[in-house]
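Take a look at the letters that make up each chain.
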Amino acid sequence: MEELRRLEKLQSVVSVISSRGLLSSSSSSASDLDASTSSRFLSELVLFLVQPCGDLNIDSKILLVSDFIPKVSGPFLDEISSSIQRDDEAKPLITNSVESQKSCAKRSFMDSADPHTLEKDQGVVAMVGLDAMKRANSTLEDFSRSYFMFHQLEISEPQSIFRYLPVLSFTESYIYQMDALNEKIVSESQVNSSSHGWNVESRVLFETDPLKPLGDVLEREGLLTQRIQQEFKSGKEYWALERKLCHALLNKNKICVEDVMRAIHLKSFDYRVLNLLLYKLRGVEVNELHMEFLSVSEFLVEVADDLFDYEDDVLENSFNVLRMFVGMFGPSNAPTELAKRISEAEEKYEEIMKSLDPHLSSKYQRRCEEATKEGGKVCGPSLGTWNIPAVISDEDAYRAAHR
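Reading the values: the criteria
- Residues numbered from 1 in each chain as written.
- Predicted model: local features only at pLDDT ≥ 70, side-chain atom pairs only at ≥ 80, totals over all residues.
- Heavy atoms only, no water.
- Helix = DSSP H or I, 4+ residues; strand = E, 2+ residues; numbered from the N terminus.
- Buried < 20%, exposed > 50% of the residue type's maximum accessible area, 1.4 Å probe, protein only.
- Contact = heavy atoms within 4.5 Å.
- Areas by Shrake-Rupley, 256 points an atom, 1.4 Å probe, with all protein chains shown as cover.
- Axes fitted to C-alpha atoms, helices over the stretch in contact; angles between N-to-C directions.
- Parallel < 35°, antiparallel > 145°, perpendicular 65-115°, else oblique.
- Left-handed = near helix turned anticlockwise from the far one by under 90°.
- Nonpolar A, V, L, I, M, F, W, Y, C, P; charged D, E, K, R; others polar.
- Expected span 1.5 Å × (residues − 1).
- Salt bridge = Lys/Arg side-chain N within 4 Å of Asp/Glu carboxyl O.
- Core = buried A, V, L, I, M, F, W, Y, C linked by side-chain atoms within 4.5 Å.

**Q** Looking at this structure, I do not really get the overall build of the protein. What am I missing?
**A** What the protein contains, in helices and strands, is 20 helices and zero strands. Buried positions account for 43% of the 403 residues belonging to the protein. Once local pairs closer than 6 in sequence are excluded, the contacts in the protein between residues at least 24 apart make up 72%. Working note: accessible area of the protein is about 22,000 Å², and carbon and sulfur atoms make up 53% of it.

Shown next, in the form of structure tokens:
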């Protein structure tokens, strides 16, 4: 998480430089990629200058740099670069396995904001922070209570949980970590509506494969399947749609209903990854009927969650299906249009449930009832009436009133 804090500081400096117009005109006339790279380079330089260095104050540092920079030439920097490269090549390889592991473990997918350093042959490893593990805990609990029954595993038996917990916990925590970065990007677009959330963190997330380090870990463990890789693609697609749709809604641009429905269906990709991992960990074939049934249930749960979190999502400019429907159909028609989609999903849910084993069907319905009582979630149509909250017609005014 230390690297995440460093990225936050860097992005803050990028915003200040951009807002004060400190980039030269030559930078602004370059391509977006060049301008962003220039902005990032200068931001790194500013952060370096403000770091404590002996008795030097800011004015002393500025004088030193102002005097030194005109004396620096391209050949001089090439000479320094070549010298450093020769020194690196001359260093002996680390042979102590413990030290090698420590060196590798200190690096994570976020250890450099330069996407070109995030290559597998450079020893990048997936790591998760404590905060991400805490956030993932509720999902893991719900997954265990709702999905283990489809694997003939009993939540009441500790061995059923702890046998698979390390892989499941690491995977979900890593995905939560990525989701937190994506939320920061969406939040940044709210502050600077012209940026489309495209900042230094975005480059880490988009110009590289954000789930590749996790995929590398699973591959080394013999757990990465084509289906899991496909769900990773679904996750990246969801994050991209979240950024696109939230930016469009914030700027009152047109929203496509196909994009919204695609996003809400993709949103539970982490549950599907965990479910597919559990099949692989158990060494059994994927049950397609169960996957189809749970996919419909996931859609209903996501919609129910969005209705429950509607006001908070408006404040945070987060993806929310009701928000999107209000933007597409207007405040008066949005509830009716959303209700149609819910009814269609409920019909499909009921139809597939008839094909499930009666004991499993009954057990899952009881779990849905428990979840509804505990957190307002709905798994299926048999659990009562859907409550669509009063829509917010003017989100800008609502946010202004609650700040």
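**Q** Looking at this model, I keep getting lost on the packing of helix α17 (residues 321-329) against helix α18 (residues 334-353). Mind explaining?
**A** Axis angle and axis distance: for two packed helices, these are the angle between their axes and the distance between the axes, and together they describe the pair. Put simply, α17 and α18 touch, their axes get as near as 8 Å, and they point 125° apart. The angle between α17 and α18 places the two elements in the oblique class. In terms of crossing hand, the pair formed by α17 and α18 is right-handed. Facing α17, whose interface residues are Val321, Leu322, Phe325, Val326 and Phe329, α18 presents Ala334, Glu337, Leu338 and Arg341. Its residues assigned to classes, the contact of α17 with α18 comprises seven nonpolar, no polar and two charged.

**Q** Can you help me understand the packing of helix α12 (residues 226-250) against helix α13 (residues 257-266) in this one?
**A** Between α12 and α13, the least distance of the axes is 9 Å, while the angle of their chain directions is 135°. When the axes of α12 and α13 are compared, the pair comes out oblique. The two elements α12 and α13 cross, and the hand of that crossing is left-handed. Touching Ser234, Glu237, Tyr238, Leu241, Lys244 and Leu245 of α12 are Asp259, Val260, Arg262, Ala263 and Leu266, all from α13. Split into classes, the residues belonging to the contact of α12 with α13 amount to six nonpolar, one polar and four charged.

**Q** I tried to follow α12 on my own but got confused; where do I start?
**A** Residues lying three or four places apart along an α-helix face the same way, a consequence of the helix completing one turn every 3.6 residues. Relative to the 36 Å expected for 25 residues at 1.5 Å per residue, α12 spans 36 Å between its end C-alpha atoms, a close match to the ideal helical length. Phi turns positive one or two residues past the end of α12, at lysine 252, with a value near 55°.

**Q** Help me understand the pattern of salt bridges in this model?
**A** Opposite charge on two side chains lets them pair, provided their charged atoms get close. As enumerated under the stated definition, the model contains 23 salt bridges in all. Arginine 145 is the salt-bridge partner of glutamate 370, the closest N and O atoms lying 3.3 Å from each other. Of this pair, glutamate 370 sits in helix α19 (residues 358-375) while arginine 145 is found in helix α7 (residues 130-147), placing the two residues 225 residues apart along the sequence. We classify glutamate 370 as partly exposed; its relative accessible area is 37%.

**Q** Explain the nonpolar core here, please?
**A** In summary, soluble globular proteins display a tendency toward joint burial of nonpolar side chains. Leu168, Leu211, Val260, Phe293, Val303 and Phe319 are the most contacted members of the largest nonpolar core, which has 75 residues in total. Here phenylalanine 319 is in contact with Tyr238, Glu242, Leu245, Cys246, Val260, Ala263, Ile264, Lys267, Asp306, Asp313 and Met324, once residues within four sequence places are set aside.

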